[in-house]
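Coordinate inspection notes
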Amino acid sequence: MGFQCGIVGLPNVGKSTIFNALTAAAIDAENYPFCTIEPNVGVVPMPDNRLDILADLVKTRNKVSTQMEFVDIAGLVKGASRGEGLGNQFLGHIRQVDAIVHVVRCFEDDNIVHVDGSIDPIRDLEVISMELIMADLETVAKRLKKASSQAKSGDKKFIAEAAFLEKLQAVLDEGKPARVLEPETDPERELLRDLCLLTIKPVLYVANVSEDDLAAGNAFVDRLKEAADKEGASVVTIAGGIEQELSLLDEEEQREFLADMGMDEPGLNRLIHAGYELLGLITYFTVGEKETKAWTITRGTTAPGAAGKIHTDFERGFIRAEVIAYDDYISCGSEAAARDKGLMRSEGKEYVVQDGDCILFRFNV
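None of the values given here were measured: they were computed from a predicted structure. (Residues numbered from 1 in each chain as written. Predicted model: local features only at pLDDT ≥ 70, side-chain atom pairs only at ≥ 80, totals over all residues. Heavy atoms only, no water.)

With respect to the packing of aromatic side chains
The full count for this structure, using the stated rule, is four aromatic pairs. Considering the side-chain rings of tyrosine 284 and phenylalanine 361, the 5.9 Å spacing of their centres and the 85° angle between planes classify their relative orientation as edge-to-face. With tyrosine 284 in strand 8 (residues 281-286) and phenylalanine 361 in strand 12 (residues 358-363), this pair connects stretches of sequence that are 77 residues apart. With relative accessibility at 0%, the residue tyrosine 284 sits in the buried group. Here the aromatic cluster, defined as three or more aromatic residues joined through ring pairs, consists of Tyr284, Trp295, Phe318 and Phe361. (Phe/Tyr/Trp six-rings, centres within 6.5 Å; stacked < 30°, edge-to-face > 60°. Helix = DSSP H or I, 4+ residues; strand = E, 2+ residues; numbered from the N terminus. Buried < 20%, exposed > 50% of the residue type's maximum accessible area, 1.4 Å probe, protein only.)

As structure tokens, this is what we get:
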């Protein structure tokens, strides 16, 4: 489905442990820097009990979850933007993802070395953020030099481009991410997309804690949340060690483990949902006895665009979408009953699909 969250952080903060738990990929997660060189990619099913309920209701023969990709990117260090620790290579990996999951160490353990020798989540956060900003400054400076040269011709397009780049450069010089600058025109938005800046990507922070601090958190987590609030970012608290243990158990064993821990669901489920929200994604369903399937789209997608996720012919030949809201489908018990009660709506090309919609597309090509 193409949506990727890149997992970043300093070495030995628990990135690969969390990635292992997400994907049960059993990659290396050793106690030394740069254990991960090439990025590992894992496809993770989206936990959604609505899909399970719908599939059980219609006694479907095949149930298909929607998915998200997580990319485990090697630990960055101070100086990465200048090539330290193979930094340029790792920054290039970050450039390819849609959003950043920044794992921050919020636990103390003398057996696991910290690259800077002590635990300080704010320092760690700032090291990563500044390296991304420094890399973006280099990108913007190169483009600004070119635009300024072209603007000497008097071309209004290049004059406007240079002016916007100067504003962008000023934001980055202040140590702020590019995403705080709101483009005002379509050319500015297009330029921002073309630059492929690292700090334009949305960020979710993961506080990796010990088992003892999972319920109540600790002072490290409190400081991280305070810093994230200033950015308008969210924090998900996870005990990476527990999550990795859970990932090795079967479903029954997981339920028993969670019950013993007083947890309703794995912490990773919260991380996956938070990643979904970060990317502005929602889910709609196609429901039938042969197959019940969840589909991922971006919030604000119209019915033809949603149909195109199934097949381009569906979008090209779109006629209408027959829609039942999830709650209505469950309360009625079937598509036929929803139709009889007038709860199946016929929607046209302008309809914006809502999270949980159960849709039957009509098309002709």
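Observations concerning the packing of helix 1 (residues 15-23) against helix 8 (residues 240-247)
At their nearest, the axes of helix 1 and helix 8 sit 8 Å apart, and the two run at 30° to each other. One element, helix 1, and the other, helix 8, form an angle in the roughly parallel class. When you trace helix 1 past helix 8, the crossing you get is left-handed. Here Thr17, Ile18, Asn20 and Ala21 of helix 1 lie close against helix 8, whose contacting residues are Gly240, Gly241, Glu243, Gln244 and Ser247. Residues of the contact of helix 1 with helix 8, tallied by class, amount to two nonpolar, six polar and one charged. (Axes fitted to C-alpha atoms, helices over the stretch in contact; angles between N-to-C directions. Parallel < 35°, antiparallel > 145°, perpendicular 65-115°, else oblique. Left-handed = near helix turned anticlockwise from the far one by under 90°. Contact = heavy atoms within 4.5 Å. Nonpolar A, V, L, I, M, F, W, Y, C, P; charged D, E, K, R; others polar.)

A few points about unusual backbone geometry
Residues other than glycine seldom take positive phi values, yet asparagine 12 does so here, at roughly 65°. Examined against the element boundaries, asparagine 12 turns out to sit in the loop between strand 1 (4-8) and helix 1. Looking at asparagine 12, the relative accessible area reads 13%, which means it is buried. Look at cysteine 196: it is not a glycine, yet its phi comes out positive at around 50°.

So, the environment of alanine 338
You can see alanine 338 is positioned in helix 14 (residues 335-340). Among the residues examined, alanine 338 registers a relative accessible area of 0% and is labelled buried. Remark: the alpha-carbon pair of alanine 338 and valine 323, spanning 15 residues in sequence, is separated by 9.9 Å. Residue contacts for alanine 338: discarding those within four places in its chain leaves Ile324, Cys332, Leu343 and Met344.

A look at the sheet that holds strand 7 (residues 234-238)
Within the open sheet, the six strands sit side by side as 2-4-1-5-6-7. Their pairing is mixed. Each of the sheet's edge strands pairs with one partner strand only, and the pair in question is strand 2 (40-45) and strand 7. Geometrically, the sheet is characterised by an average inter-axis angle of 25° between neighbouring strands, direction not taken into account. Summarising the sheet, strand 2 and strand 4 (residues 67-72) pair through six bridges and their orientation is antiparallel. In the sheet register, valine 43 faces strand 4, and the bridge partner there is glutamate 69. (Pairing = 2+ DSSP bridges.)

Remarks on the side chain of aspartate 48
Residue placement: aspartate 48 occurs in the loop between strand 2 and helix 2 (49-58). With relative accessibility at 15%, the residue aspartate 48 sits in the buried group. Separated by 2.9 Å, the side chains of aspartate 48 and arginine 50 make a polar contact. Once residues within four sequence positions are removed from consideration, aspartate 48 is found in contact with Thr283 and Phe285. (Polar contact = N/O pair within 3.5 Å; in protein donor to acceptor, adjacent residues only side chain to side chain.)

Let's talk about the pairing of strand 10 (residues 318-324)
Among the seven residues that make up strand 10, five are buried, leaving the element largely enclosed by the rest of the structure. Where strand 10 lies against strand 12, six bridges are found, and the strand directions are antiparallel. Looking at the pairing, arginine 320 lines up with arginine 362 of strand 12. Bridging between strand 10 and strand 11 (residues 345-347) involves three bridges; their strand directions are antiparallel. Residue pairing in the sheet places valine 323 in a bridge with arginine 345 of strand 11.

Quick notes on helix 2
Burial in helix 2 covers these residues: Arg50, Leu51, Leu54, Ala55 and Val58. In an axial view of helix 2, the angular spread of the buried residues amounts to 130°, which keeps them on one side of the axis. Relative to its buried face, helix 2 has exposed residues pointing more than 90 degrees away, namely Asn49 and Asp56. Just downstream of helix 2 lies lysine 59, where phi reads positive at about 55°. (Arc of directions from axis to C-beta.)

Examining the pattern of salt bridges
Considering all chains together, one arrives at 17 salt bridges under this definition. One salt bridge connects glutamate 347 with arginine 345, and the closest N-O pair in it is separated by 2.9 Å. Three or more residues are tied together by salt bridges with common partners; here these are Asp48, Arg50 and Asp355. (Salt bridge = Lys/Arg side-chain N within 4 Å of Asp/Glu carboxyl O.)

Brief notes about the nonpolar core
Counting residues in each nonpolar core, the largest one holds 60 residues, and the members touching the most others are Leu22, Phe70, Ile94, Val101, Cys106, Tyr205 and Leu271. Element by element, the count of residues in this core is highest for helix 4 (residues 121-151), at six residues. Once residues within four sequence positions are removed from consideration, cysteine 106 is found in contact with Pro121, Ala207, Asn208, Val209, Asn218, Phe220, Val221 and Leu224. If you look at the next biggest cluster of nonpolar residues, it comprises 17 residues, including Ile133, Leu144, Val171 and Ala178. (Core = buried A, V, L, I, M, F, W, Y, C linked by side-chain atoms within 4.5 Å.)

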